[in-house]
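The residues making up each chain are set out below.
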Amino acid sequence: MPISFGHSVMIIAVVAVCTYFTRAAAFVLFGGKREVPSSVKYLGKVLPPAIIAILVIYCLKGINPTVFPYGLAEIIAVICVAVLHIWKRNNLLSIGLGTVIYMVLIQVVFVS
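Per an unreviewed UniProt entry, the protein carries the name AzlD domain-containing protein and comes from Candidatus Butyricicoccus avistercoris.

If you want it as structure tokens, here you go:
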């Protein structure tokens, strides 16, 4: 059954309102002159590296070292991202170029 235009607009509106309120909640809770709790500061320090580590593990979980191309595209892309990030300290550059390198490798170099 196809979804009508009005139904699609309502879905988008609900998602937009929910997104707005979840992002505004941080300013309401911690805005002004209130001190940010130490637990929130701690989570702000430890969660980004933990999330990146989980994403790396998730991205590399499908590598099969016994079948061509043996995960070479993924390993090369991860090395490029790490080197670029250590060299330039720019998340957008390292992740963006790493993605481009990975896509070129799987689409052009390691075509099965």
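From this point, the narrative continues.
*Asks:* Hey, could you go over the UniProt feature "transmembrane region" (unreviewed entry) in the protein for me, with residue numbers and the actual values?
*Replies:* The UniProt record annotates "transmembrane region" (unreviewed entry) at residues 9-30, 42-60, 67-87 and 93-111. Here residues 42-60 runs as 100% helix and 0% strand, with 28 Å between its end C-alpha atoms. In the segment residues 67-87, helix accounts for 76% and strand for 0%; the C-alpha atoms at its two ends are 32 Å apart.

*Asks:* Outline the pattern of salt bridges, listing residues and values.
*Replies:* Considering all chains together, one arrives at one salt bridge under this definition. Of the charged contacts, one joins Lys41 and Glu35 as a salt bridge, the two residues approaching to 2.7 Å between their closest N and O atoms. Lys41 sits in the partly exposed class, given a relative accessible area of 44%. Note on Glu35: relative accessible area 62%, which makes it exposed.

*Asks:* Tell me about a nonpolar patch on the surface, and please be specific about residues and values.
*Replies:* A cluster of nonpolar residues, Tyr42, Leu43, Val46, Leu47, Ile51, Ile52, Leu55 and Val56, forms a patch on the protein surface that exposes about 680 Å² of accessible area. Of note, Leu47 is situated in helix α2 (residues 38-60).

*Asks:* Account for the packing of aromatic side chains, naming residues and giving values.
*Replies:* The final tally for this structure, using the stated rule, is three aromatic pairs. Between Tyr20 and Phe21 the ring centres are 5.5 Å apart and the planes differ by 70°, which places this aromatic pair in the edge-to-face class. Per residue, the accessibility class of Tyr20 equals that of Phe21, and both read exposed. Their ring planes at 90° and their centres at 6.0 Å tell us that Phe68 and Tyr70 sit as a pair that is edge-to-face. On the basis of relative accessible area, Phe68 is assigned to the partly exposed category, the value being 45%. Classification of Tyr70 as partly exposed rests on a relative accessible area of 43%.

*Asks:* Describe in detail helix α3 (residues 72-88), supporting the description with residues and values.
*Replies:* Here α3 contains 17 residues, and its C-alpha end-to-end distance of 24 Å stays within 8% of the 24 Å for a straight helix at 1.5 Å per residue. Along α3, the residues classified as buried are Ala73, Glu74, Ala77 and Leu84. Down the axis of α3, the sector holding all buried residues measures 100°, keeping them to one side. Relative to its buried face, α3 has exposed residues pointing more than 90 degrees away, namely Ile79, Val83, Ile86 and Trp87. For α3, the secondary structure elements touched by its buried residues are α2 and α4 (91-109). In the segment just after α3, Arg89 is the residue with positive phi, at about 55°.

Cut-offs applied
- Residues numbered from 1 in each chain as written.
- Predicted model: local features only at pLDDT ≥ 70, side-chain atom pairs only at ≥ 80, totals over all residues.
- Heavy atoms only, no water.
- UniProt positions renumbered as here; feature names shortened; annotations may be inferred.
- Helix = DSSP H or I, 4+ residues; strand = E, 2+ residues; numbered from the N terminus.
- Salt bridge = Lys/Arg side-chain N within 4 Å of Asp/Glu carboxyl O.
- Buried < 20%, exposed > 50% of the residue type's maximum accessible area, 1.4 Å probe, protein only.
- Patch = residues over 30% accessible without salt bridge, like charges linked within 9 Å, V, L, I, M, F, W, Y side chains within 5 Å.
- Areas by Shrake-Rupley, 256 points an atom, 1.4 Å probe, with all protein chains shown as cover.
- Phe/Tyr/Trp six-rings, centres within 6.5 Å; stacked < 30°, edge-to-face > 60°.
- Expected span 1.5 Å × (residues − 1).
- Arc of directions from axis to C-beta.
- Contact = heavy atoms within 4.5 Å.

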